[in-house]
Structures are given as structure tokens and as C-alpha cells.
Amino acid sequence: MENREERPAYEQVLTPPERGILHIWQSAGPRQELSLGKVLLSRPVLQVTLGEHHGLLLTQGGQVYSFGELLWRDLSIPLSAPMLEESLLGKSVVRVAAGGFHCGALSEQGSVYMWGENTAGQCGLTEKGTVTNITVSEPCLVSVVDSEVVPPAVVRVTDLACGREHSLALSSQNELWAWGSGCQLGLVTNNFPVWRPQKVEHLAGRHVIQVACGAYHSLALVRSLLPQNNNTLRAPEKKERGQSPHSSVTEREESLTVDDAHYCPLGVELSEVLIGETTPRRRDPRRRLHPVGRSAGSSPGSGAGSCPYSGDGKSSTTPKLPELDGHADHLTQIDGRPVSHPLPCWGANKNSTFPDERELQNILQKLSGHSLETHPITGPGDTDSLSSHTSDESCVSSTPSTDLLISSNSGASGPYSSSPVCLDEVRLCLEAEKKGLQGQKSSSLTNIHQKGKTAGNRRCSLPGTPTLGSPRRRRPCPCKPSSAGRTQAPASEDAGDGLPSLETEVWSWGRGSEGQLGHGDQLARLQPLCIKSLTGEEVVKVAAGSHHSLAVSAQCTVYSWGSNMCGQLGHVNSPVTVPQQAKLSDGLRVWDVSAGQSHSLLLADGDCVQPILLYCGQHQESLSAQSEKSHQSQGSCQRSPSRAEIYSVRPTLLPLCMEMGYISSVSCGGQSCAVLADQNVMGFISAIHELASRERQFYCWLSSTRKLLLTPLRNREGVCPALGEPCTHLFFSLCESFVRLSILIGRHATSLSFFLHDVQGADVKSLPLLTHTDDFLDIYKEYCFALGNFHVMGGFQSLHKLSLEVLGSQQSLLAQLCVPDQSVSGDADLVSLLYWPLQHLRQYSRVLLKLGSCYDVLTEEYQSLNQGCSHYESLSLSLLRRKKEAETTFLFWKSHSGKNTEVLRLPHRRVVCESSNRSLTLQKAGRFSNHWFILFNDALVHTQNAIPSQNFFSTHHVYPLTCLWVKPVTEDTRGLYAIKITCPEESFTLVASTPQEKNKWLRSLNQAVDQVLGGGGQGSSPGVTAISRTATYTFTGEGRFKDAYYTGGWLAGRVHGRGTMKWPDGQTYSGNFKNGLEDGYGESVMPNKVLNKPDCYQGQWRDGKIHGFGKYKYASGEVYEGCFYEGQRQGYGMLSSGKQARTSSSVFIGQWVQDRKTGYGVHDDITRGEKYMGMWLDDQRNGQAVVVTQYGVYYEGTFRENKMIGPGLLVSDDDTAFHGEFADDWTVNGKGVLSLANGDCLEGLFSGEWSTGLKVVGTYTKPAADEPDNKERNSLFRLGQYLVPSTQRWRGVFTECWSRLGCTAAGRGERTTAWENIAVTITTAQRHSPNLSRSQSKALESLEFIPQQGEAVTTANFDNIRRYLIKACETPIHPLGWLVETLITVYRMTYVGVGSNRRLLRQAVQEVQAYLTHFFSLVRFLFPGLPDDGCIIPEPPASPSKSRHNSTTEGVVVVSCSSLLLPLLLPRLYPPLFTLYSLQEEPEEAQYWERIIRLNKQPDQSLLSFLGVQEKFWPVWMSILGEKKQIVSSSKDACFVSAVETLQQISTTFTPSDKLLVIQKTFEELTQEVKPMLDGNFLWCMDDLLPLFLYVVLRARIRNLGAEVSLIEDLMDTNVQHGEMGLMFTTLKACYIQLQHESTL
């Protein structure tokens, strides 16, 4: 709200006095003399901070003003005309801090600027100054650098605090940095001053929230750490005993009464020698410009620091920690641990030396008079300097530990003339005084070096122990439950991440001579130490005066400790060395504090919205009294502590605060007070204050309720027997939700207090109510739900009785918690008491509405506020409805109590309506049957033979509303007012007595169903409920789903959509359902009781059965992946047998019919090393087949009943072949012909097994050398006689692909349906596969675009089809992609491993060609405009001129299955296919390679001459790295290098077309190299070309060239066989043959 253009309309005309108004005055004096100084600047004041005699103002826009005694400039600036710090202009200052005599500023970028007195290094080593600078006159940058990181980094500072001789900075990482002098720095060093900021290592790793600096001590507010293991170990014990997770302040105080942790070995007494030295230079500048009436010694000289300095400001002595004197200190150490020794005079009143109470009062008056008469007052405003001098130099306590109230001589001028004083404390005080005079042992608070006279004149004080009770209470009670509130709070605070934390600790360090450290003693602390008594008190802010400290908690409680000479602590409690609560009037809630030199200022909530000011401390005297006292004190140099004559020990109201406006912050320093206030404009400021005030009041009420009521009730040992086990758990849940609500409200109240401090610059959209709306809604709903559950179960009746036992006579405590409209007369009071927080939501909506009225409706602020208002208003109405439902349900159970109805009573269940008045009955019910229907918020209950008045029924049935469908029966000619109810396992009709009852029940049913399904439950019209929904249900009726538990989708009473079904025996199904049955993709686990392992299936279902493609893992270890039909394996599938099922492992891939192997299939018997490729029937080998073994034996023939029976051909690895009759596996029986490898032949009758030997009766024939081949005999040994035709193999694979396209058979189906199925498949994959990679997602997105499949294919769109096919075949989700993956699988299963037999080459090539034929038919089905195989693709229609131009420049495009589909298949089929080619050509390859090795030994020219290449083609020059070199006779591999390298690329390609392109490029490279030697019109002739190309082939050294040639010849496109490429391929083939067979080579 800083920028004018972003403000609401009313702020456009704001004048400076309406915002950031500064009021400043001296410490409170007589009310008639209290005058306010009102500073009016051109800009609103954002912050004011006060030093000893000066102050700083920060205005809007980042301008800084100074006023007061600016000693470092020898100036005195009046408040009415503050001086602008021009050097800070443009620095964007966001925060200022004033120390005792120096200043600091913080920029928006986190930079620190310091100026003022620098004698102790408190301004740091500035960039413009040197170490010897005593003062820094102008603001200079102080760099805060973290040197521990590499490279060193500049630290961004977010907060700044200054003391008298030190400065602290809080970084954005919540780490603390310090510089200056004294133990108040908390640094591990003994070299002072510390000129450069150093990190306070003792707080490293802790989250520091806020820092504050006193004169010579420091405070830090730190976030608590998570609970340690010792807390978690106690948790089970707490839970077992039923103790509360809440903790009260009283319990924490009892557990922290006397704890050794209050004492720290770091506590030391500063030696008299070190403190006694003075530094005149440091004192004189402060004395020069003091105005009249102020003491010249307001600075405590060298006693302020632990390190003295010489005259030049440098350190003259090295500080040394003094040794503790065991005789002078009651705090001794044993093994390094402090042990407390209480004084023996801490006895009871029986041993008192003052039995008469009147005598005690006289002694009290004498003590008071003696103190005032002995010590003259130095000045009215210099009590702090006296205190600091005495305490810091002589270590004598000036703290009024006995809390005596000293009044003036008249006894009437002070605000209090007497005060209740504990007489025991007076006795102890006098005895300690007497012992001090006798020179005996002194307490730990007394300096052993002081003289008896000084000790006699000092004020009496008790030993500074943190005891809050008798020594007997020091030991923790073993039966007392330890507080668990702190251990649970951090988890609760997660709900409001970003809000201030309430789990805080206060750490203090520095000088403690006045008890300002709060550790129970007056010793100094060199390093930060936690104040244990404030841990868990939810401190949200700390403030440090000169010698006292303040802390304010989230519960608006003020804790104070330290010097109380002027009553600045606001209480008279003892001791003052530990934090004590300030005494506030009832109804006052303090939310901001500030501490000055001898006074404290509190900002609190009163009876109205406008904040009030409370003051405690010294009161100024009138001018005449001041002059008189000043005259009496002249000439006296004695400096002794003295109590102010007029002061208040209880915070008193400053009436003038109501005239200041709405105060947002307070500040104190020296003897001055200042506040910042705002005027209420259009109710905006008052609305913000009202919200904050009510939230603080609400949190105080929650804390009181938690402390006084819930915690005692939960900690009660008999809570479980009194409430019963169900209600006990509900009560514990209620307490936990109450704690979470309390923590959220506390953090919210604290954040609003911080919001008020910066209300001018804050954005209203950043209100926590708007930024954390979800947290508020969730926690309020949770609390209302827990409260309603406890109410419904009747827990408040038992809880009221238990509260009477727990509270006993303290029933008035309950009355304190009740709001005015409640009364304390019964169990209903607890109900209304705990329901009261729900009414607070209306306050939120009301205040947000009020804030919204301050803005224009078109602004973002108005929209945000209006939206937040509607959220809280709707939540309030919803929770009030829930409250009413809980009350109605409780009354229902109360009026229908009984054993039968108790079964239906559940905590979360609420009654909606019931038919005890016979308003609803069952259709076709018996004449004498009674039906009672009860509608709850979660179920419809139907009771039979019911008597509602007697709460009796024989049977009942519960229908969950999540699985209940309601439909009105509109067409009923019989005049019945019927409603049809549909449930998962049954349906029935209800008949209402009247149309009104029908509409009532219909509306109630619909609203209840709508609400239980997640709707609002409001406005549902009759008959309109979700037909499709997601719900859980447990089946009870007979059938497949008996006792199964289902979670998933429903449609009109049937399981439909995605869901999970679980059976009691362990069977599960997770997937799609349709009309109550499994349908679609699903995963199922079916237990196998025999093998004690489950069967698992993943795949398609239909009508409750496995149907479609899937993967089934059997418990035996077998895995089947393939097609199913109605629960049986049918179609293509692959079965891998496991080792558990049989002794041998094998893999079968092929056709299945009715769960049996039938049709073509390949069986790989891995154990036997045999592979069967042929026909099957009923799980047996039957029909034509081929068998190959690992020993190279090849058999083809017929099988019958799983045996080799009938004619067959058997060929061994050495080419021995047998053709004849077989009777069994590898067993010959009958006629046959045996051909040996050398050509000899044996014909006759054979019998026996092939591997063991054959018996032969026949004729042996040895052919003559000149005898022609016997064609008839050769035909007997021709391979492929008994093969299954390639077109009949793997029909099941292609059938499955057709079915995925929606076709019943090949080509039988609608093309649009096929494309729809493809689209559904891709979309489903995208939806159910969220973890797809980016490339996979892009591929699926590209497949969503379908090419124009209905149009005629032309050369223009043919490339689109080709690109689509490439992407589809690369995506396994696409049907074509699945087909490619499957074909590759079956091909590798057939021809890899044992299948790598060279005699299978022809079969493998034919199989590839069959793939292309089937695949092309699929492509033509999807793209009917594609021409037939071998046809020309026409040109697109174009203009005649363009057509004539194209006809002369472009050739025709011929479509063929090989050119279109081989690039998709062959690259992945290439390894097994090329292996077969290599095995087939192995003998010829050996001859070829032998000649390649031998001929390549010759130089180029010799080889060219040998090959018959004409010399005109011989290259003369060769190019090496761009440099020409002449070819000599010894040159090798220098000719036609580019052609040779090009031809070598033939081995890197896969398809025949790519290999032909390589050959073509080789010829082109060869021609390019020859052209420079010949004429331009040169044409190749074969006589010239063949020898030259032969040289290229020789130098290319291509391995397996024969396999390459054979592969090209078999699979090349027939369209190019007789063209230019065909001629080039023939040349290559001729070169290979010539290299192989030419004898001249």
C-alpha cells in the first residue's frame, strides 16, 4: 500500500497526519504535566527508534531523520525539526536502529550503514574510516562478509539491533553477526574491539527470529529444535496412561523450579581490577553536550565492557576470565557442573528472629528511610547510570529482590504507599545483611572484595536463585506427566507454513549484574545461553532495556526480569533474576513492548478496539522538585545505587493514548517514549486492529480452555473408565484437533501483530486469512468433525461428570471460560463451550467484508477480500449445519437408546430422517410386517419387524449411500408414490404415504448421496444423482464376487470403469470393468494352493474372462504371452516353460486353439538342443515340419502323433543325406536312398536309429567320372519338399493384428473402425502411461495425425504415408508397431541359436517375403488409394505447363512392398538372416578371401597391370591432406581411394535398395576419378569397366561379399533388376565370381 497508484480510492487524498503519526515524550510524570510531542513530517513515519539521548526516524520512501543530542557531530537537534541524513538518500533504507550513542540503518538490499560513537568498535570498521576512529560522523557502509565459504560471500542482513558498545545483525539465513566490545557480543574471542562483524558461532545452525540489545546484554528469540529422542522414548508411557498432549504454564513452571540448567559454567564474575579502570576519552564526549538536569555520568565508563582501553582507544590489557572464589560464591562446581547451595536461613517461620509482625513493619520502614537518606540522588533521569555503575563496577546487586516499595518522604505522592511483602523474605534479607556486615560468606550476588561499609550501605537482596518454591519442590515428581505439548507442536505448525512459529526459546548473554540475563543469578555469560523458564511459553517478541529485559508471549503475557529499581518490571515478584509475569489488570492483552533506561512501555488491547498504552517505571518529578534535588546533590561525587522516589510497580494506563489514534508500535530509549499511530480512515485501520484484537482474545481463550479444562481432563488417570474406550479415543482426537486449532490461531494472532507494525507498507492481500485460507478451512473442519463425533456418541455427559471430579471446588474456573451468553449449570455448558470457536468464523467474514468496503470493486484487493469473505461465510454456515446435525443425531440416539440401535451408532454417522411414523414402507410387503427406514449421512438402514417406539427390530440391513442409486417411479398407474432403490446386489422399491413424503425422502436421499460423494449436498433436484461414481463396496451375496472388496468406478449399481477387486483368498483384479464384469485391460493375481504361489495375468478381458492379448505367469514358472479366447489360449502365443514344471526348459511360439498347440509353431527344446518348425495338433507334432539340432543335423518330413513317421529327408552336417521312410524320431524303417558326401549312393531297405547305426539291404553305386547327373535322384535330396508354405506360417500373428484393427478376418472390416481403434489405443496409452519419455510422447502425438487415407495416392502424399508407417512401426503401442515387434520375435525365435542352420536359408528368405506380402495387404487396407505392388504412383493433377516441365525432368515412382516395407523390417531381421547367408556362402567365401589376401600384397601399378586395366586409367597423382603427390611403382592403396571407401560402406547398410545405392555411388566416384584423364564424351564399356571395378573390389577387402551379393539378389526390387542399378549389381557379382573361380588369378 506504499504506491499511491496501488492504494484504494480513499488513500489518494491522504494527508501525512493520517498515517505514521509520531508521538514522543519523556518518561511518565504527573499526569497534568505529561506533554506529548507530535512530529509532523511530509511523509508518514514507518519506524522510530530511541537511543540514550537521541533518536532516528524512518519515513516512507526510505528517508532517515535524526534528532536529539548528536554527540558525534556536536549538535543538538530539536524534535520539532529533525535532521535528514542526506548521505542515506537513495539507499532504500527499510530499518533503523539506535544504540546508546551510535546509529545503524539497513537497506533493502541487506547492506548495513553505521555512524556515531565508535570507541568500542560498535560502528565497525567502516569503509571510510580506520581503526583509530573514535566517532563516525556520517553513515558508512559496514560489510558483513562470510569468510567461511569459498569464495567469501557478502551476507544479506534483515534486522539490526544496537546496544551501548555493541551491534548485532540478523542475516537472511537467520544467523547472528556481532561486532563491538564486551561479553555481550557472544563471540569466542578475547580480543576487543571486534571491528569486523563476526558470526555468533554458539547460535550457528539455529533459526534466530529476532534480536534485541540492552546496554551491556543481548537477547535473541530462537526457534526451538525438534524434540530429541528422550521425548520420544516417553511417548508410549504417556499414551498408555492416557495423558494429555497439552502442557500448561503451571506444569512447566513446576518442572523448571530449580534446574541445574539455569546455571552455566560460562557464568563468571567480572574482576574488580578489570572493571575499575576508566577511559576518559570514552566518557568525556558524552559529558560535554549533556543538557541541564542530566547527569554527566550517564555512561557507565569503562565498566561497560570487559576489556579496558588506553587513552588512544586501543586495548591496553588482554582480558582474562577471573577465577571463581569458592569461599565467596554459593555456586560451586563439581566435575564441571554447577551445584546450588541454598542458604541455611531459608527455613520456616518457626526460627524467625522477628516474631512480632508489627516489628517487621517498623524494620521495613527503617530500611526504606535508611536507603533514601544514605544515597543522594544524582539526577532525576539518571538512575540507570547509578545502577550500571554500581552493578558493573562492584558487582553489588541493586535489584530489589525483596520487592520492597519505596515511597517518598511524604508517603502520599507516589502511586503506591505500600505493597504486600512476604515477611519471610524480609527475614532472609536482614539475616543476609547481617552476615555481610560480619564479613562472613557472601552470596553469589555479592562481591567478595567490597568493604564492610559499602556492604552495609548496599540495598538488601536475596540470593539470585530461580527457585519458585521450596527446595522440596525442586525434584521433579515421578508421577507427574511430562509435558508433551512442545513435542507435538512442531508437527501441528506444518499446517500454517509461513506463519510465525510459537515454538521459541529466548537466549541471553552479556552482563548479568542486575539479573537481566534471566538465568537465576547475576553472573555474566560470555556466550548465548537459553533461558529455560521461557522455553515453551510461546514468546513472540523480546525487548531489552538498559538493565532489564522484557518478553511478550502469544498469550499476551509479559515476562520481565532484571533491574527493578524504578519498578520497570511491572511486578514485585521475587526473584527478579528469572522471568516473572508482569501484573496486568484482567482483560488487558499486551501485544507489543519496549524497554527504556528505567521504564517499560506496553501496548495492549483493552475494552475497545483502539489499543491502549501501559507504563511502568520511573515517574518524572515536577520542575521544582527536580531543581531542589539537583541543588542537594551538587558537590557530591559519590555514586551509589538509589531507587527512584516516584515510580509504579504495576503497569498503569496512560489516558492520553486514546487521543493519539490507533497505535501500531511503541519504542523506548533513555528516558523517552515514542509511539507510532494511525488515524482511522473509512474504518480500514479500525478493521485491521479489530481483527488482530479479537484474534488475540480468541487465542487467550483457547489457551485458557486448554490449560484449565482439557489438559486436566486428559491427564486424569480415570479418563478411560469414565468415558469408555470409544469416547476416550474420540476425546483424545478432539483434544488434538483443539491443539492444532489453538496453534493456528496463535500463529495467526502473532502474524497480525507483526502486520500492524508495518500496516502502512503492507499489502492487504498478504493477510494470513487470505494467503492461508486452506489451512484455516481444513483445521476448522477437522475440529468440527472431531467435536461432532464426540457429541454424537454422548461423550459430554460423561465428560461433565469427570470435570466435576477434576475441577472439584474450582468450578469457578469453568465460569471464567464461558462466554457471556452461557451459564454454568449442566453438561450442556461443555457443549456450548467447545462449540463456541465455530462462531469465530463469522468474525473473519465480517472483518473481511468491512475491509473490502474500503476498496473499489474493480481492484484486486477487493476481489481477494470478497473471495475470502465468501469462503469463511460458507464455511461458517456449513459448520453450523454440522453442529445442528450432531445435536439432532444425539437427541435421536437419546430417544432411541437400546442394544439394537447401539449397533448402528457410529461417531461419524448423522441421522437425516426416519420413518417411525410409517411414512415409508416396502412395496409388496406383508400385511403384518413392519419396516423401519432410517436415513443416515452414510447409509440407508432397513429394519424388519421393527417397533420404533420400543427400539426393537429383529433384523436390519445397511445400504451404504456411496453405492446406492435413487430413481423416482413416475409412471405408476396404481397411484403409488414409489422410489426405486438400486444397490450392487439387490434392488427394491419404497412406497411413501403421501406425495409430500415422497418428495421429502427423495430430496433427502439425493442430497445425502450427493454429499457423501463429495458434493455440497445442497440444491439437488429429485432424481439427479451421480449415475457414474467412484466408491468402495464389500459384496456379501453369492456369486463370483462373494466377500470381495471393491474400490473403483460404478454405473447405475454395477461395477463399471477402472477399479480393484480383492477376494479374501488373496485373489485380486485391478483394471477395467464393464457392466459388472471384468472387461478391458486388467491385472489379476490368482493364488495357487497346490504350489503355494500365485498365478499372475496382465492383459485384456471380456465379459469376466481372459480374452485378447495378455501375459500369464503360472505358479509353475511357465510364462505365456499371446492371445486368449474366453479364458483359453487361442491364436498366436509364446510359452516359456520353467524349470519347476519339468526337467527340461523349452520355448514354444506359434498357434493355439482351445488352450492347445494347434497349427504352425516353433518349439525350441533347449535341453535337447533341438528346434522343431512345423505343424501341431492337440499339443502334439503333427504334419509337415523341419527339425534342426545343435550338431547340424537337418530333417524335414512328416510327423504323426508327435513322432517322425512317413517319408522324410535327413541331411547331416557333412552333407550326407538320406531320403526314405521313418518310423520314429531319428529312426529309419523302410525303403530309402543314402547319398554320401563324395557322391556315392546306397539304395535299399534301411532300419535302425540314425545316431547309433543303420542296417542296410541294398545296392551301393559309385558314379563314374563322366556320368551325367541323375535328375531323379537329385530331386529326392532337394530341400523344401516337406516344408510348410511360408504363406501359411504365422497366420495367427496377422490375425491378431487384423483383430486389433477391428476386423474379423483379413480385409473384412470397416476402415473407419480401424482408424478409430488406432486412435483409442494411442489415447489410452497416453492416459495410462504418465511416465512416458519426451520422445515417446512426441511420437504418440505425431501418430494422432492421420494421413488422407481415402484419397488416391500420388507422388505428393506418398511421402506422408511412408513417414507415418515409419513412426507407427517404431511405436509398439500402434497395431502395426506391435506387428513388427512380434514378427521380429518369431523370426529370431526361429533362426537364432540352433536355428542358425545354412539349410534354412531358403526358408528364411521365403518367410521374409511372406511377411512383406501380408504386411502390404494391411497397409493397403488402411490406405486404399495405394496402388498394387509394382504399379506406378501417378503424379498429382497440375497445370499443363507444369506437367510438361515435370515430364521431362522427373522419372516415374513405382510402389512395391519391398521398397516400402523392407526398410521397416529388414534392419531388425538382418542379424539372423545375414548369418544364414554367411553360413551358406562359407566355402566360396574362403576361396574369395584367400585370393583377396594374396592379391592385395601387390602394389597398385602391378595389380592394375595384372588385372588388365588399360594404362590410360592409371592415376598419376594422389591427394594426401590436400597435397598432391605422384604415384610411383611402389605405391599401395593410392589409386581410386574414394571409390574403394564408398564400396566399403556396403557392409553398413541393411536393405538391398541401400546396398544398391552404395554400388551406384561407387561407380560415380570411379567415373569422377577417371574423367580428368579422358575426353569429356567418355562412355564406359564392360571391357574397360570390369578390370577397373575388379581392382576396387580387391582393394575394398569386403568380408562376406558373397553373402552381400546373395542377399541383394534375393530381396532386391524386381523393378530395378534390368535397369542401371541392375547392371551395376551384375558387375559386382561378376567381380566376385571371377575372384572366386578365375584360375588366372
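As the structure is a prediction and not an experimental result, all values here were calculated from the model.

Asks: What am I meant to see in the overall build of the chain here?
Replies: Helices and strands together make up the secondary structure of the chain, namely 39 helices and 65 strands. For the chain, the residues scored as buried account for 53% of the 1641 residues in total. Counting only contacts in the chain whose residues sit at least 6 apart along the sequence, the fraction spanning at least 24 positions is 59%. Accessible surface, the chain: about 72,200 Å² in total, of which carbon and sulfur atoms supply 50%.

Asks: Can you walk me through the pairing of strand β50 (residues 1119-1125) in this structure?
Replies: A regular strand places its side chains on the two faces of the sheet in alternate fashion. Two strands pair when backbone bridges link them, and strand β49 (residues 1105-1113) and β50 are joined in this way by 6 bridges, in the antiparallel orientation. Across the sheet, residue Y1112 finds its bridge partner in β50, namely Y1120. Hairpin remark: β49 followed by β50, antiparallel, with 5 residues in the connecting loop; positive phi at G1117, about 105°. Of the pairings in the sheet, the one linking β50 to strand β51 (residues 1128-1136) comprises 6 bridges and is antiparallel in character. The residue bridging Y1120 from the neighbouring strand is L1135, located in β51. With antiparallel pairing between neighbouring strands as the criterion, β50 and β51 make up a hairpin whose turn holds 2 residues, including E1126 at a positive phi of roughly 50°.

Asks: Which parts of the structure should I look at to understand the sheet that holds strand β27 (residues 558-562)?
Replies: Where strands meet in a sheet, backbone hydrogen bonds hold them as pairs that are either parallel or antiparallel. The sheet built from 4 strands is open, its strands ordered β25-β26-β27-β28 with antiparallel pairing. Both outer strands of the open sheet, β25 (539-544) and β28 (580-581), are each paired with one neighbouring strand and no more. Bridge count for strand β26 (residues 548-553) against β27 is 5 bridges, and the pairing is antiparallel. Paired with H548 across the strands is G562, a residue of β27.

Asks: Got a minute to help me understand the pattern of salt bridges in this structure?
Replies: Side chains that carry opposite charge are capable of pairing whenever their charged atoms lie near each other. Under the definition given, this model contains 43 salt bridges. Linking E138 and R73 is a salt bridge whose minimum nitrogen-to-oxygen distance equals 3.5 Å. One end of the pair, E138, is in strand β11 (residues 135-142); the other, R73, is in the loop between β5 (64-70) and β6 (75-77), with 65 residues separating them in the sequence. Residue E138 is classed as partly exposed on the basis of its relative accessible area, which comes to 37%. Assessed through its relative accessible area of 15%, R73 is described here as buried. Notably, a salt bridge pairs K765 with D763, separated by 2.9 Å at the nearest N-O pair. Among the charged side chains, a network of salt bridges with common partners joins D146, E148, E175 and K199.

Asks: Please explain the pairing of strand β57 (residues 1203-1211) as it appears in this structure.
Replies: Relative to β57, strand β56 (residues 1194-1200) is paired through 6 bridges, and the arrangement is antiparallel. Paired with R1200 across the two strands is K1203, which belongs to β57. Both β57 and strand β58 (residues 1217-1224) contribute to a ladder of 6 bridges, which runs antiparallel. Within β58, the residue paired with G1206 across the bridge is F1222. Two successive antiparallel strands, β57 and β58, enclose a turn made up of 5 residues, where D1215 displays a positive phi of approximately 75°.

Asks: Looking at this structure, how should I read the sheet that holds strand β36 (residues 920-922)?
Replies: An order of β36-β42-β41-β40 is seen for the 4 strands of this open sheet, with the pairing classed as antiparallel. The outermost strands of the open sheet, each flanked by one partner alone, are β36 and β40 (965-968). For this sheet the average axis-to-axis angle between neighbouring strands, irrespective of direction, equals 30°. Along the sheet, helix α23 (residues 995-1012) makes contact with β36, β40, β41 (977-982) and β42 (987-992), crossing β41 at roughly 25°.

Asks: Hey, could you run me through the nonpolar core in this one?
Replies: One recurring pattern in soluble globular proteins: nonpolar side chains tend to sit buried together. Residues L601, L613, F731, Y780 and L851 are the most contacted members of the largest nonpolar core, which totals 112 residues. Among residues more than four places away in sequence, those in contact with L851 are F684, A687, I688, V764, L767 and L865. Counting residues in each nonpolar core, the second largest holds 84 residues, with M1134, A1368, M1389 and L1418 among its members.

Asks: Mind showing me how you'd approach helix α29 (residues 1375-1391) here?
Replies: Turn by turn, an α-helix covers 3.6 residues, leaving residues three or four places apart pointing in a common direction. Its 17 residues give α29 an end-to-end C-alpha distance of 24 Å, which sits within 8% of 24 Å, the value for a rise of 1.5 Å per residue. When you tally the buried positions in α29, you get 14 out of 17 residues, the bulk of the element. Phi for G1393, located one or two positions after α29, is positive at around 80°.

Asks: Quick question: what am I supposed to make of the environment of E514 here?
Replies: Along the chain, the position of E514 falls in the loop between β23 (504-510) and β24 (524-530). By relative accessible area, E514 is classed as buried at 0%.

Reading the values: the criteria
Just so you know, the residues in each chain are numbered from 1, in the order the chain's sequence is written. Whole-chain, interface and lining totals are the exception, using all residues; otherwise, since this is a predicted model, local features are given only for residues with pLDDT of at least 70 and side-chain atom pairs are given and counted only at 80 or more. Excluding hydrogens and water, the side-chain values take into account all heavy atoms of the structure. Helical segments are the DSSP runs of H or I of at least four residues, strand segments are the runs of E of at least two, and each set is numbered from the N terminus. Each residue's exposure class comes from its accessible area (1.4 Å probe, protein chains only) as a fraction of the maximum for that residue type: buried when under 20%, exposed when over 50%, partly exposed otherwise. Contact criterion: two residues are considered in contact whenever any of their non-hydrogen atoms come within 4.5 Å of each other. All accessibility values rest on the Shrake-Rupley procedure with a 1.4 Å probe; residue burial counts only the protein chains present in the view. The criterion for strand pairing is that DSSP finds at least two bridges linking the strands in question. Definition used for salt bridges: Asp or Glu carboxyl oxygen within 4 Å of a side-chain nitrogen of Lys or Arg. A fitted line through C-alpha atoms represents every axis, and for helices the fit uses only the stretch in contact; the resulting angles, taken between N-to-C directions, go from 0 to 180 degrees. Side-chain atoms within 4.5 Å link the members of a nonpolar core, which is a set of buried Ala, Val, Leu, Ile, Met, Phe, Trp, Tyr and Cys residues. Helix span, as expected, comes to 1.5 Å for every residue beyond the first.

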